[in-house]
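Fold and geometry: a report
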Amino acid sequence: LVPNLRAEPNLCCQYVRPLPPPKGLEEPKAFTRFVATIPYHSDNWGGNNARAIDYWCTANEFLTLGHGDEEEHALLLCNYFKYRENATQSELARGGGLHAAPTTGDRALDPKRW
């Protein structure tokens, strides 16, 4: 479960769905570049302590805000790939490490498809 912008718990899988990229940006290199141009801005409300809340935005909320952190960037990219690959070739991974902060990323299942 992850908190939405209203601090309500949602299943993280609710944020993953095929989404068509903007017109003219249908190719992976183009929509990847587009997502990379959206500014990174942490949404951890409460600072970098253990009680900080990391809110998740839908793709629409992310694009409306015009900034987001790693979850929003990864979700948007994953959703564009899901649309392009008929919802089967991309997945979202969430993790962290002993000396690393939690992170989220998109994983392509076929690395040769580009």
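Notes on the structure in this doc start here. Note that residues are indexed from 1 along each chain, following the sequence as it is written. Since the coordinates come from a predicted model, pLDDT governs what is reported: local features require at least 70, and pairs of side-chain atoms require 80 or more to be given and counted, while whole-chain, interface and lining totals use all residues. Heavy atoms throughout the structure, all of them, feed into the side-chain values; hydrogens and water do not.

**Describing the environment of Leu 75**
Here Leu 75 shows up in helix H3 (residues 70–84). Take Leu 75: its relative accessible area is 4%, and that puts it in the buried class. Separated by 13 residues in sequence, Leu 75 and Phe 62 have C-alpha atoms that sit 9.7 Å apart. Numbering of helices and strands runs from the N terminus; a helix is a DSSP stretch of H or I covering at least four residues, while a strand is a stretch of E covering at least two. In this scheme, a residue with accessible area under 20% of its type's maximum is buried, one over 50% is exposed, and one in between is partly exposed, where area comes from a 1.4 Å probe on protein chains only.

**With respect to the packing of helix H1 (residues 28–37) against H3**
At a closest axis distance of 10 Å, the pairing of H1 and H3 adopts a crossing angle of 160 degrees. It follows that H1 is roughly antiparallel to H3 by the angle criterion. The hand of the H1/H3 crossing is right-handed. Contact residues: Pro 28, Phe 31, Thr 32, Phe 34 and Val 35 in H1; His 73, Leu 76, Leu 77, Tyr 80, Phe 81 and Arg 84 in H3. Partitioned by chemical class, the residues of the contact of H1 with H3 number eight nonpolar, two polar and one charged. For helices, the fitted axis covers only the stretch in contact; all axes are lines through C-alpha atoms, and the angles between them, taken along N-to-C directions, range from 0 to 180 degrees. Oblique is the label for every angle not falling under 35 degrees (roughly parallel), over 145 degrees (roughly antiparallel), or within 65 to 115 degrees (roughly perpendicular). The crossing is said to be left-handed when, going from far helix to near helix, the turn is anticlockwise and less than a right angle, and right-handed when the turn is clockwise. For this analysis, residues touch if any pair of their heavy atoms sits within 4.5 Å. Asp, Glu, Lys and Arg are counted as charged, while Ala, Val, Leu, Ile, Met, Phe, Trp, Tyr, Cys and Pro are counted as nonpolar; the rest, among them Gly, fall into the polar class.

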